[in-house]
Amino acid sequence: METAEIARRFLAFFENNGHTVVPSASLVSEDPTLLLVNAGMVPFKPYFLGQRTPPYARAASAQKCVRTIDIDEVGKTSRHASFFQMLGNFSFGDYFKAEVIPFAWKLLTDSAEDGGFGLDPERLWVTVFFDDDEAESIWRDKVGVPSERIQRRGMEDNFWSMGVPGPCGPCSEIYYDRGPEYGVEGGPVADENRYLEVWNLVFMQYERGPGSGKTDFEILGDLPKKNIDTGMGLERMAAILQGVDNIYETDTLGTILRHAAELSGTEYGANEKVDVGLRVVADHVRTATMLVADGVTPGNEKRGYVLRRILRRSIRNMRLLSGTAEDRHFMHDLTATAIRVMGDLYPELRGNAETIHSVIDAEEKNFSDTLRSGTTLFNRAAERTKAGGHTQFSGADAFQLHDTYGFPIDLTLEMAAEQGLSVDEDTFRSLMQEQRDTAKRDAKAKKLGNADISVYARLLDGSGTTDFLGYTDHESEARVL
Ligand code: ATP
Ligand code: MG
Ligand code: MG
Ligand code: MG
């Protein structure tokens with residue numbers, strides 16, 4: 001079953017069950033606490049919180065999502081993409097656990113002729129929050145899932161929140177057993193590679209306050225109503241229904257992957273390192289295409305930095321794969337393929353093709369110039385490090401690469417790791433800080449014109465500098481949503 005058909009089927013099922021189909025919102029989040037939309041519920045957050053009245057009690061959508069937190073998993077696990085699509089059904093104070101669980105079961109197990117996905121019920125496992133007897137009994141008694149295939153899990157896995165203040169609640173996840181060739185038995189608790197999480201049903205009933213991480217936060221209280229929020233990974237469902245090993249081999253991502261193999265002169269499936277590289281390229285080219293289509297442009301902060309990092313990573317991977325040191329440009333062709341395969345679900349991509357290409361091509365040229373000028377210095381410094389019997393690339397060299405050649409630290413870290421070297425990041429950061437402090441002093445001096453400014457400099461020194469979090473801040477923002 002093609003990806004576009006899976007999405008169509010999901011939406012049709014819920015439309016037939018009284019849901020209003022709502023188009024995907026832009027990846028650029030309207031919610032100021034998030035850079036990019038990372039789940040299907042994000043556009044509906046004000047409805048859950050009771051801040052706005054929804055125009056419908058039930059909705060369904062196929063929402064574009066980007067999770068920067070998953071970037072480092074891409075290519076290595078079978079199931080994480082940086083951009084993916086979340087199919088979801090939502091109830092705003094309408095139905096709750098007793099209705100959503102049978103809905104999900106029916107759609108997953110009804111035959112294809114009956115409008116379902118035709119999954120073998122014997123292969124489905126579910127998890128519930130550790131004290132959620134109600135959800136467990138619905139699965140067992142109403143739906144008929146045997147107790148052996150229902151597992152209980154704690155906060156980390158079965159309590160969902162956006163990662164920022166907002167609605168939250170216990171959840172129940174549905175997993176598909178891919179079989180013994182994918183790992184050990186024992187259900188999702190034992191092996192999340194063999195048992196692939198496909199759908200999460202969230203019982204949105206509480207509001208979370210600030211606090212960090214997945215588990216370390218305070219529950220402020222009940223939401224005005226009990227709601228339902230679900231998320232099914234479209235790419236994961238496609239991998240199952242298309243009988244392939246991972247999401248990168250499905251009809252959409254697989255087409256970009258094969259094109260990347262062809263352009264780089266590599267073969268997919270012969271060598272794990274090459275395979276990871278090709279999966280990263282396929283994923284990142286698609287993510288970049290979708291971000292640019294939603295108006296993001298490469299930059300040094302926030303969303304622009306996420307895009308820049310993703311694009312640069314795909315460009316470098318293509319160079320490494322093809323073993324070409326020369327200025328060969330691959331992005332135009334790969335982007336064209338991404339636009340073509342995603343165009344079925346997002347026809348607007350075709351109309352915007354020219355703009356998308358111009359943004360991505362310009363970034364590739366820009367990055368090629370950076371690489372051309374900085375690589376010689378990098379190689380010389382790496383050689384020197386190794387010749388001296390060291391394993392750490394110096395912070396001063398990393399700083400010079402950044403300062404003179406515009407090498408982001410991520411790039412230096414990545415290139416150093418390829419040579420088996422770590423980087424002295426502490427020294428790098430203190431040199432960055434020194435430079436910022438100087439720049440700040442200079443800027444103040446400039447503002448004051450030609451007057452004798454030494455008094456102000458002394459004053460500033462005496463009072464200490466303000467914390468300047470520019471670099472580390474957008475670094476961490478880019479990594480963690
Ligand atoms: P995992 O545990 O596999 O990282 P998750 O529990 O973080 O997934 P949820 O937040 O529950 O994921 O999101 C709902 C659904 O979206 C998941 O059940 C999965 O099918 C899909 N999904 C989540 N993250 C990704 C991703 N990075 N790439 C593709 N699909 C994803
Ligand atoms: Mg996850
Ligand atoms: Mg999970
Ligand atoms: Mg989940």
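Up top you'll find the structure we're talking about.
Predicted model, so just to flag it, every value in this text is computed and none were measured. (Residues numbered from 1 in each chain as written. Chains lettered and ligands numbered in written order. Predicted model: local features only at pLDDT ≥ 70, side-chain atom pairs only at ≥ 80, totals over all residues. Heavy atoms only, no water.)

Chemist: What exactly am I supposed to notice about the pairing of strand β5 (residues 150-153) here?
Modeler: Residues in a regular strand project their side chains so that they alternate between the two faces of the sheet. One ladder, built from four bridges, connects strand β4 (residues 124-129) with β5; its direction is parallel. What sits directly across from F129, in β5, is R153. In this fold, β4 hands off to helix α4 (residues 133-143), which returns the chain to β5; that crossover is right-handed. (Pairing = 2+ DSSP bridges. Helix = DSSP H or I, 4+ residues; strand = E, 2+ residues; numbered from the N terminus. Right-handed = clockwise from strand over helix to strand, strands pointing away.)

Chemist: Explain the pairing of β4 here, please?
Modeler: The buried fraction of β4 amounts to six of the six residues, a majority that puts the element mostly inside the structure. Across four bridges, the pairing between β4 and strand β7 (residues 166-177) is antiparallel. Residue pairing for β7: V126 is matched across the bridge by I174. (Buried < 20%, exposed > 50% of the residue type's maximum accessible area, 1.4 Å probe, protein only.)

Chemist: Before we go on, may I ask you to explain the coordination of the magnesium ion (ligand 4) in this structure?
Modeler: For a metal with four tetrahedral donors the ideal donor-metal-donor angle is 109.5 degrees, while six octahedral donors give ideal angles of 90 or 180 degrees. Each protein donor to the magnesium ion (ligand 4) is listed here as E173 (OE) and E197 (OE); together their distances run 1.9 to 2.1 Å. In this structure, the magnesium ion (ligand 4) is positioned 3.2 Å from the magnesium ion (ligand 3), and both are ligated by E197. Note that E173 is positioned in strand β7 and E197 in strand β8 (residues 195-208), a separation of 24 residues in sequence. The burial state of E173 is the same as that of E197; both residues are buried. (Donors = N, O, S within 2.8 Å, 3.2 Å for Na, K, Ca; no water.)

Chemist: I'm lost on the nonpolar core in this one. Help?
Modeler: Inside soluble globular proteins, nonpolar side chains tend to come together where they are buried. Counting residues in each nonpolar core, the largest one holds 91 residues, and the members touching the most others are M41, F44, M318, M331, L334 and F393. Both domain 1 (3-241) and domain 2 (250-391) contribute no fewer than three residues apiece to this core. Among all residues touching M331, those that are not within four sequence positions of it are V285, L311, S314, I315, M318, I360 and E364. Within the second largest apolar cluster, 42 residues are counted, among which are A60, V128, V198 and W199. (Core = buried A, V, L, I, M, F, W, Y, C linked by side-chain atoms within 4.5 Å. Domains from an automatic or database assignment. Contact = heavy atoms within 4.5 Å.)

Chemist: Can you help me understand the site of ligand 1 in this one?
Modeler: Neighbouring ligand 1 are 17 residues; D70, R79, H80, E197 and N200 lie closest to it. Separating an oxygen atom of ligand 1 from a side-chain N or O atom of R79 is a distance of 2.7 Å. Between V198 and ligand 1, the recorded distance is 3.1 Å, taken from a backbone N or O atom to an oxygen atom. Within the complex, the protein chains bury 90% of what would otherwise be the 590 Å² of accessible surface of ligand 1. Contributing elements (two or more residues each) for the shell around ligand 1: β3 (83-91), β8 and β9 (219-233). When residues of the shell around ligand 1 are assigned to their parent elements, the largest contribution, four residues, is made by β8. In terms of residue class, the shell around ligand 1 is built from six nonpolar, four polar and seven charged. (Near = heavy atom within 4 Å. Polar contact = N/O pair within 3.5 Å; in protein donor to acceptor, adjacent residues only side chain to side chain. Areas by Shrake-Rupley, 256 points an atom, 1.4 Å probe, with all protein chains shown as cover. Nonpolar A, V, L, I, M, F, W, Y, C, P; charged D, E, K, R; others polar.)

Chemist: I tried to follow the packing of aromatic side chains on my own but got confused; where do I start?
Modeler: Remark: the centre distance and the inter-plane angle together describe each pair of aromatic rings, the angle taken between the planes. For the coordinates displayed, the defined rule picks out 22 aromatic pairs. Ring centres of F96 and F203 lie 5.9 Å apart, and the angle between their planes is 65°; this geometry places the pair in the edge-to-face category. A residue pair is termed long-range when its members are at least 10 positions apart, and F96 in the loop between β3 and α3 (97-109) and F203 in strand β8 qualify at 107 residues. Side by side, F96 and F203 carry an identical accessibility label, which is buried. Taking the centre distance of 6.2 Å and the plane angle of 75° together, the rings of W105 and W139 count as edge-to-face. Remark: W139 occurs in helix α4 and W105 occurs in helix α3; sequence separation between them is 34 residues. Residue classification places W105 among the buried residues on the basis of a relative accessible area of 15%. Each residue in the set F10, F13, F14, Y95, F103 and W199 is aromatic and connected to the rest through ring pairs, giving one cluster. Positioned above the aromatic ring of Y182, the side-chain terminus of R178 is 4.0 Å from the ring centre. (Phe/Tyr/Trp six-rings, centres within 6.5 Å; stacked < 30°, edge-to-face > 60°. Lys NZ or Arg CZ within 6 Å of the ring centre and 35° of its normal.)

Chemist: Any chance you could explain the packing of helix α10 (residues 331-342) against helix α12 (residues 353-387) here in plain terms?
Modeler: Axis angle and axis distance: for two packed helices, these are the angle between their axes and the distance between the axes, and together they describe the pair. Taken N-terminus to C-terminus, the directions of α10 and α12 make an angle of 145°; their axes are 10 Å apart at the nearest point. Here α10 and α12 pass one another in a crossing that is right-handed. Together, M331, H332, T335, A336 and I339 of α10 and A353, I356, H357, I360, D361 and E364 of α12 make up the contact between the two elements. Considering only residue class, the contact of α10 with α12 consists of six nonpolar, three polar and two charged. (Axes fitted to C-alpha atoms, helices over the stretch in contact; angles between N-to-C directions. Left-handed = near helix turned anticlockwise from the far one by under 90°.)

Chemist: I tried to follow helix α7 (residues 251-264) on my own but got confused; where do I start?
Modeler: The periodicity of an α-helix, 3.6 residues per turn, causes residues three or four positions apart to be oriented the same way. Its 14 residues place the ends of α7 20 Å apart at the C-alpha level, agreeing with the 20 Å of an ideal helix rising 1.5 Å per residue. Across the 14 residues of α7, eleven count as buried, placing the element largely inside the fold. Restricting attention to buried positions, one finds in α7 the residues T252, L253, G254, T255, I256, L257, H259, A260, A261, L263 and S264. Contact partners of the buried residues in α7: α1 (3-16), α8 (272-293), α9 (302-322) and α10. Just past α7, the residue G265 takes up positive phi, approximately 70°. (Expected span 1.5 Å × (residues − 1).)

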